[in-house]
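Chain by chain, the residues:
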Amino acid sequence: MKHAPLVQQLITAFTCLPGVGPRSAQRMAYSLLERNREGGLQLAEALTGAMEGVQQCRRCRNFAEDDLCPVCTDERRDQALVCVVASPADVLAIEQAGEYRGRYFVLMGHLSPIDGIGPRQIGLDLLEQQIQSGEISEIILATGTTVEGEATAHYILDMVEGTPIVVTRIAQGVPMGGDLEFVDGATLAHALRGRRQLER
Ligand SMILES: [Zn+2]
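Remember, predicted model here, so these are calculated numbers, not experimental data. (Residues numbered from 1 in each chain as written. Predicted model: local features only at pLDDT ≥ 70, side-chain atom pairs only at ≥ 80, totals over all residues. Heavy atoms only, no water.)

Considering the overall build of the protein chain
Line of reasoning, step 1. Helix and strand counts for the protein chain come out as seven helices and seven strands.
Line of reasoning, step 2. Sequence-ordered secondary structure for the protein chain, helices as α and strands as β, is α-α-α-β-β-β-α-β-α-β-α-β-α-β.
Line of reasoning, step 3. For the protein chain, the C-alpha atoms occupy an extent of roughly 65 × 35 × 35 Å along the three principal directions.
Line of reasoning, step 4. Of all intrachain contacts in the protein chain linking residues separated by at least 6 positions in sequence, the fraction that spans at least 24 positions is 55%.
Line of reasoning, step 5. By element, 55% of the accessible surface of the protein chain is carried by carbon and sulfur atoms, the whole surface being about 11,800 Å².
Line of reasoning, step 6. Separation between the mean location of the 18 positive side-chain charges and that of the 26 negative ones in the protein chain comes to 4 Å. (Helix = DSSP H or I, 4+ residues; strand = E, 2+ residues; numbered from the N terminus. Contact = heavy atoms within 4.5 Å. Areas by Shrake-Rupley, 256 points an atom, 1.4 Å probe, with all protein chains shown as cover. Lys, Arg positive; Asp, Glu negative; His and termini not counted. Charge placed at Lys NZ, Arg CZ, Asp CG, Glu CD.)

This is the structure in structure tokens:
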């Protein structure tokens with residue numbers, strides 16, 4: 001039996017979600033159609049709103065609804081201290097730890113040449129501009145301890161060569177091969193406080 005075209009369209013649309021195959025997508029579509037039309041309409045509205053209204057901060061690349069995000073416009077934060085992370089989820093994890101007073105640079109990924117993800121795809125050209133402009137005094141590399149995270153950290157370390165910028169790395173307490181977003185707040189706060197300067 002074939003689905004009606006609109007039902008099929010909905011099922012196919014759900015498969016764009018991470019980890020959702022055709023079977024789960026069908027279950028989601030049926031559930032909304034059978035029992036929760038209102039929830040479905042709210043979902044549609046929230047999706048449209050977010051997809052059209054959320055952009056990337058032009059300074060740190062984190063999600064923002066304006067040109068600049070609230071962290072980048074906060075004058076009480078040290079705008080010369082930049083913590084480089086892989087994803088907005090990492091920003092959230094560090095913010096929840098509650099101690100960090102600098103700003104961020106959000107890569108939205110890691111360097112991964114095999115997947116065609118080079119420096120430009122993760123915004124390193126923008127970071128390079130900020131490094132060269134002299135607005136940064138310290139970069140904290142918090143790209144995680146996966147192979148890609150390490151490679152990304154080394155790439156950034158090379159970019160800083162010849163500048164007076166201090167480069168530190170949080171590692172202590174972050175498990176090997178680990179992503180930051182899964183580290184608890186107390187450990188993360190400790191790791192940030194105990195960051196070590198990198199030799200170069
Ligand atoms: Zn920002």
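Here we look at the pairing of strand 6 (residues 166-169)
Line of reasoning, step 1. With four bridges connecting them, strand 5 (residues 138-142) and strand 6 associate as parallel partners. Looking across to strand 6, one finds that Leu141 is bridged to Arg169.
Line of reasoning, step 2. This β-α-β element, strand 5 to helix 6 (residues 147-160) to strand 6, shows right-handed connectivity.
Line of reasoning, step 3. Here two bridges tie strand 6 to strand 7 (residues 196-197), and the two strands are oriented antiparallel to one another. The residue of strand 7 that forms the bridge with Arg169 is Arg196. (Pairing = 2+ DSSP bridges. Right-handed = clockwise from strand over helix to strand, strands pointing away.)

Some remarks on the domain arrangement of the protein chain
Line of reasoning, step 1. Domain boundaries in the protein chain define domain 1 (5-53) and domain 2 (75-197).
Line of reasoning, step 2. Using C-alpha coordinates to define each centre, domain 1 is positioned 34 Å away from domain 2. (Domains from an automatic or database assignment.)

A word on the pairing of strand 3 (residues 78-85)
Line of reasoning, step 1. Among the eight residues of strand 3, six are classified as buried, and the element is accordingly described as predominantly covered.
Line of reasoning, step 2. With five bridges joining them, strand 3 and strand 4 (residues 102-106) adopt parallel strand pairing. When the sheet's bridge partners are listed, Val82 is paired in strand 4 with Arg103.
Line of reasoning, step 3. Of the crossover connections in this fold, the one passing from strand 3 over helix 4 (residues 88-97) to the parallel strand 4 is right-handed. (Buried < 20%, exposed > 50% of the residue type's maximum accessible area, 1.4 Å probe, protein only.)

What to know about helix 5 (residues 124-132)
In an α-helix there are 3.6 residues to a turn, and that puts residues three or four apart on one side.
Line of reasoning, step 1. Along helix 5, the residues classified as buried are Leu124, Leu127, Gln130 and Ile131. When helix 5 is viewed along its axis, its buried side chains cluster within an angular range of 115° and face the same direction. For helix 5, exposure combined with an orientation more than 90 degrees from the buried face picks out Gln129 and Gln132.
Line of reasoning, step 2. Residues of helix 5 that are buried make contact with strand 3, strand 4, strand 5 and helix 6.
Line of reasoning, step 3. Immediately beyond the C-terminal end of helix 5, within one or two residues, lies Gly134, with a positive phi of roughly 80°. (Arc of directions from axis to C-beta.)

Some words on the pattern of salt bridges
Line of reasoning, step 1. Considering all chains together, one arrives at nine salt bridges under this definition.
Line of reasoning, step 2. Glu34 is the partner of Arg35 in a salt bridge, and the nearest nitrogen-oxygen pair spans 3.1 Å.
Line of reasoning, step 3. On the basis of relative accessible area, Arg35 is assigned to the exposed category, the value being 62%.
Line of reasoning, step 4. In this structure, Glu138 engages Arg195 in a salt bridge whose closest nitrogen and oxygen atoms are separated by 2.6 Å. (Salt bridge = Lys/Arg side-chain N within 4 Å of Asp/Glu carboxyl O.)

A few points about the packing of helix 2 (residues 22-35) against helix 3 (residues 37-53)
Line of reasoning, step 1. Between helix 2 and helix 3, whose axes approach to 6 Å, the crossing angle comes to 120°. As far as their axial angle goes, helix 3 and helix 2 are oblique. Only Arg37, Gly39, Gly40 and Leu43 of helix 3 make contact with helix 2, whose side of the interface consists of Leu32, Leu33 and Arg35.
Line of reasoning, step 2. Its residues assigned to classes, the contact of helix 2 with helix 3 shows three nonpolar, two polar and two charged. (Axes fitted to C-alpha atoms, helices over the stretch in contact; angles between N-to-C directions. Parallel < 35°, antiparallel > 145°, perpendicular 65-115°, else oblique. Nonpolar A, V, L, I, M, F, W, Y, C, P; charged D, E, K, R; others polar.)

Structural notes on helix 1 (residues 5-14)
Line of reasoning, step 1. All of the buried residues along helix 1 are Val7, Ile11 and Phe14. The buried residues of helix 1 occupy an angular sector of 60° when projected down its axis, which confines them to one face. Projecting away from the buried face of helix 1 at angles above 90 degrees are the exposed residues Pro5, Leu6 and Gln9.
Line of reasoning, step 2. Turning to helix 1, the residues buried within the fold contact helix 2 and helix 3.

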